[in-house]
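Listed below are the residues making up each chain.
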Amino acid sequence: MDNKLKLNININGNDIAVEAHADEFLADMLRRYGFLSVKKGCDTGSCGLCTVWVDEKPVLSCSYLAARANGKRITTIEGLQEEAAEFASFLTGEGAEQCGFCSPGFIMTVLAMKRELKNPTEESIKHYLNGNLCRCTGYVGQLRALKKYMGVD
Ligand code: FES
């Protein structure tokens, strides 16, 4: 018996009918449907690589069941290419682009932070991003880029 759930999800502005097993996580379902920007690092909710938005809020898609996304709006970096490219130019300007594996999840968190933090400080930026790890560990360059992008002196 086929025990897949039928879900209706808006992904990057498009209503899409998808199927997922009851125990399938959103990251795996999105990758299966071709959203390959969604990366997995730890697969345990610790590194932030798998960050996407659910109804405009960043979530760790490796730990979020696909079934919970039924009727919701999912955004991956494919849906925010212009904004993502703008922030990426700040990273390259500071030599902080590094290997790029963590970039999609990192940038999804940064773009959410840009919307959410009204008067950012260095400390509030660090706090917002403390769930996004970078295996290249180039946090100093990232922070320089972030401060310029967020308008922090
Ligand atoms: Fe989801 Fe690490 S892969 S938090």
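Right above here is the structure, for reference.
Residues numbered from 1 in each chain as written. Predicted model: local features only at pLDDT ≥ 70, side-chain atom pairs only at ≥ 80, totals over all residues. Heavy atoms only, no water.

Structural notes on the packing of helix α2 (residues 81-93) against helix α3 (residues 103-116)
Our working definition: Here an angle of 0 to 180 degrees is reported between the N-to-C directions of two axes, which are lines fitted to C-alpha atoms, with helices fitted over the stretch in contact. Segments assigned H or I by DSSP are reported as helices when at least four residues long, segments assigned E as strands when at least two residues long, and all are numbered from the N terminus. Convention used here: angles under 35 degrees read as roughly parallel, angles over 145 as roughly antiparallel, angles from 65 to 115 as roughly perpendicular, and any remaining angle as oblique. We call two residues in contact whenever any of their non-hydrogen atoms come within 4.5 Å of each other. Each residue receives one of three labels: charged for Asp, Glu, Lys and Arg, nonpolar for Ala, Val, Leu, Ile, Met, Phe, Trp, Tyr, Cys and Pro, and polar for the others, Gly being one of them.
At their nearest, the axes of α2 and α3 sit 10 Å apart, and the two run at 105 degrees to each other. With respect to their mutual orientation, α2 and α3 come out roughly perpendicular. Each of Glu83, Ala84, Phe87 and Leu91 in α2 lies in contact with α3, whose residues at this interface are Phe106, Ile107, Val110, Leu111 and Arg115. Broken down by class, the residue content of the contact of α2 with α3 amounts to 7 nonpolar, no polar and 2 charged.

What about the environment of Asp153?
For clarity, the threshold we go by: Think of it in three bands: with a 1.4 Å probe and only protein chains considered, a residue is buried below 20% of the maximum accessible area for its type, exposed above 50%, and partly exposed in between.
Within the fold, Asp153 resides in the segment after α5 (139-150). Classification of Asp153 by relative accessible area gives exposed; the value is 90%. For the pair formed by Asp153 and Cys136, sequence separation is 17 residues and the distance between their alpha carbons is 25 Å.

With respect to the sheet that holds strand β4 (residues 57-60)
Going by this rule: In this analysis, strands are considered paired if DSSP registers two or more bridges between them.
Taken in spatial order, the 5 strands make up an open sheet running β2-β1-β5-β3-β4, and their pairing is mixed. If you trace the sheet from one side to the other, it starts and ends with β2 (14-20) and β4, each paired once. The mean inter-strand angle of the sheet, taken between neighbouring strand axes irrespective of direction, is 40 degrees. As defined by bridge partners, strand β1 (residues 5-11) adjoins β2 across 7 bridges and the pair is classed as antiparallel. Its bridge partner lying in β2, Leu7 is registered against Val18. Lying on the sheet, α3 is in contact with β3 (51-54), β4 and β5 (73-75); it crosses β3 at an angle near 45 degrees.

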